[in-house]
Amino acid sequence: MEWGADLWDQYDQIDKHTLTGLDLVDRYIKFVKERTEIEQNYAKQLRSLSKKYAKRGSKEEQDLNRFSNHASLQEILNELNDYAGQRELIAENMMTGICAELTKYLQELKQERKTHLLDAKKAQQVLEVSFKQLESTKKRYAKEWAEAEKATQQAEKTESDLNATKIDVEKAKQHAHHRTHAAEEFRNDYAAQLQKYNKEQNAYYYSEIPQIFNKMQDMDERRIRRLAGAYCQFSDIEKNVLPIITKCLDGISAAGKKINDKQDSMLFIEQHKSGFERPADVDYEDYTQGIKPATSDSSLNPPKVRAKLWPFSKKSKAHAAEDFSHLPPEQRKKRLQGKIDDITKDLQKTQDQSEALEKMKGVYEHNPQMGDPSSLEPQISETAQNIGRLTAELAKYETWLSEAVGGEDSSNAINNNTQHSKMPPPPNATSPLLCPDVSRVAAASQPQGLYSEFDDEFEDVETPVGQCTALYTFEGNSEGTVSITEGEMLSIMEDDKGDGWMRVLRGSGEEGYIPSSYVKHSP
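Predicted model only: the values in this text are computed from it and were never measured.

Bringing the overall build of the protein into the picture now. When its secondary structure is counted, the protein shows eleven helices and five strands. Taking all 523 residues of the protein together, 34% fall into the buried category. In the form shown here, the protein has an accessible surface area of approximately 33000 Å², with 52% of it arising from carbon and sulfur atoms.

In structure tokens:
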């Protein structure tokens, strides 16, 4: 069915219907715009929320992020920030893919509709002009025909009048003939005009108007199809980002599943373990025997070196010393080891720079056109001074570390009595945070060769003493340690001797120390 054939006489209704269709497109554009504003505001609020609860990067917050439950929240906030980005992408795609495109298309439809309506009005005006000409010709024909009949009657009357002369009769007949001839011409004009009008009217109702209305029907159907596509696009735009949104949500779930309560507890212990022994029992002092009060080594009168043992006293903030002697033993060793690692990295970097300068100097000496060797002397001298300074600092901190590890036996022995008798830690005893080889060599009072004894210890063991399974992942970043992954089967080459470390052999052939608490012995 076509508008031109079935609605040929419904111009006003077609005009109204097409206008309503364009209004619907405009309404949909406004609807999508408001939806994009909601998405943009939502994304903005999510970003602000994520920023509000994100860590600022301070030293204390960085230390907290080592705990899995703190780190997981940071990951969740990052995923939420990415999720907000996808909401912004939805708003942007809706604005460009729907609003902008439909606005442009709407302007084209308005112009096309206006053109069709103007063509219909022009055709109607042409037909109306033709009809007016027909009416005018018809009136003149009727008037002339009436005049001709009147002249004919007058001629017949004159002819029948006995008193009329022959001249009068001839004159009346000529006038009647002239009027009749003029009437005939007007009749022919009227017939021609009528034929012309009927032809134009037929073309108007059977050709011009149907074509215009059919074009408007095609325009309206194109509008409907385009609007239907925009309706689907409204959904597809969001579907296209659903995989990424799902990834963000999966990332949030994964962050929650990554939390390890036991590992966080172990990390907390490693961070704050002081290394002090628990206070010994207070000795009984029998005053009835006249014995002088004995000096107690208990926590009520602790030695100066152990002034922080009493857990219920208020702790004044000690002045930070360069050798970290203000810290508990375990924390001091950890800080000293960290300082040594930092200085070692800087020293290696400076030595590499020195080697590069020496090579460049050699190139300049062999090829003077490339540069002046003497221009590098200031940099070489400065680098050499830095190497000397870093080497001295490294030796200083290694000595302090050796003292800290070497003095552990004597400090532990102060509070050992029969009730708390216990084998003293072996010379290589240390915290899982400190590389085992460092403390063993330090105990031997060889600060200049901290890492020299580690390789010799592996040569004494040839066969495994047992098997174990890794409970947690351990990153062996210090020299002498080895990295393991959760669930990995390991061969025990040297069992824990009371220092919290054991030596294992991986399936790949790597061998080194790991914390004993990170594995479970296999039967």
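Time to look at the nonpolar core. Inside soluble globular proteins, nonpolar side chains tend to come together where they are buried. Within the largest apolar cluster, 26 residues are counted, with the highest numbers of intra-cluster contacts made by Y28, V32, M94 and I98. Looking at this core, the elements that each hand over two or more residues are α2 (11–53), α4 (68–160) and α5 (166–257). Tallying contributions element by element places α4 first for this core, with eleven residues. Leave out the neighbours within four places in its chain, and Y28 touches I98, L102, L227, A230, Y231 and F234.

Our focus in this paragraph is the sheet that holds strand β5 (residues 519–521). Strand order in the open sheet made by the five strands is β4-β3-β2-β1-β5, with antiparallel pairing throughout. Sheet topology places β4 (511–515) and β5 at the edges, where each strand pairs with a single neighbour. With direction set aside, neighbouring strand axes in the sheet form an average angle of 45 degrees. Summarising the sheet, strand β2 (residues 489–494) and strand β3 (residues 501–505) pair through three bridges and their orientation is antiparallel. Across the sheet, the residue bridging to S491 is L505, located in β3.

Attention now moves to α5. Every α-helix carries 3.6 residues per turn, so stepping three or four residues along brings you back to the same face. If you check α5, its first and last C-alpha atoms are 133 Å apart, about what 92 residues at 1.5 Å a residue would give, namely 136 Å. At Y204, α5 shows its strongest bend, of approximately 45 degrees.

Moving on, we come to the pattern of salt bridges. Proximity of charged atoms lets side chains of opposite charge pair with each other. By the definition in use, this model includes 20 salt bridges. One salt bridge in this structure joins E184 and R187, with 2.5 Å as the shortest N-O distance. Pair noted here: E184 and R187 are both in helix α5, with a separation of three residues, about one helical turn. Under the relative-accessibility criterion, R187 is labelled partly exposed at 34%. A salt bridge links R503 to E494; the nearest nitrogen and oxygen atoms lie 3.2 Å apart. Sharing partners across several salt bridges, the network here consists of R35, E39, R87 and E238.

Describing an aromatic ring pair means giving the distance of the ring centres and the angle of the ring planes. Tallying each qualifying case throughout the model produces 14 aromatic pairs. On the basis of an interplanar angle of 75 degrees and a centroid distance of 4.8 Å, the ring pair of Y28 and Y231 is categorised as edge-to-face. Here the residue Y28 occupies a position in helix α2, and Y231 occupies one in helix α5, the gap between them amounting to 203 residues. Overall, Y231 belongs to the partly exposed group, its relative accessible area being 39%. Between the aromatic rings of Y42 and Y83, the centroid separation amounts to 6.4 Å while the plane-to-plane angle is 85 degrees, which identifies the pairing as edge-to-face. Of the two residues, Y42 is situated in helix α2 and Y83 in helix α4; the sequence distance between them amounts to 41 residues. Residue classification places Y83 among the buried positions, given a relative accessible area of 15%. Ring-pair connections join several aromatic residues into one group, and the members of that group are Y28, F31, Y231 and F234. Sitting over the ring of Y105, R226 keeps its end group 4.7 Å from the ring centre.

Reading the values: the criteria
- Every chain's residues receive numbers from 1 upward, in the order its sequence appears when written.
- It should be noted that, the model being predicted, local features are given only for residues of pLDDT at least 70 and side-chain atom pairs only at 80 or more, the latter also being counted only at that level, while totals for whole chains, interfaces and linings use all residues.
- As a rule here, side-chain values come from all non-hydrogen atoms in the structure, and water together with hydrogens is ignored.
- Think of it this way: any DSSP run of H or I at least four residues long counts as a helix, any run of E at least two long counts as a strand, and we number them from the N terminus.
- We call a residue buried when its accessible area falls under 20% of the maximum for its residue type, exposed when it is over 50%, and partly exposed in between, using a 1.4 Å probe and counting protein chains only.
- Per-residue and other accessible areas follow the Shrake-Rupley method at a 1.4 Å probe size, with only the shown protein chains counted as cover for residues.
- Take the buried Ala, Val, Leu, Ile, Met, Phe, Trp, Tyr and Cys residues and link them wherever side-chain atoms come within 4.5 Å; each set so joined is a nonpolar core.
- When checking whether two residues touch, look at their non-hydrogen atoms; a contact exists if any pair is within 4.5 Å.
- Two strands pair if DSSP finds at least two bridges between them.
- Angular values range over 0 to 180 degrees, each being the angle between N-to-C directions of two axes fitted as lines to C-alpha atoms, with helices fitted over their stretch in contact.
- Helix span, as expected, comes to 1.5 Å for every residue beyond the first.
- In this analysis the local bend is the angle between axes fitted, respectively, to the seven residues ending at and the seven residues starting at the residue.
- Note on definitions: salt bridges are taken to be side-chain nitrogens of Lys or Arg within 4 Å of carboxyl oxygens of Asp or Glu.
- Two aromatic rings from Phe, Tyr or Trp, using only the six-membered ring of Trp, form a pair when their centres are within 6.5 Å; if the ring planes differ by under 30 degrees the pair is stacked, by over 60 it is edge-to-face, and anything between is tilted.
- Over a ring means this: the NZ of a Lys or the CZ of an Arg is within 6 Å of the ring centre and within 35 degrees of the ring normal.

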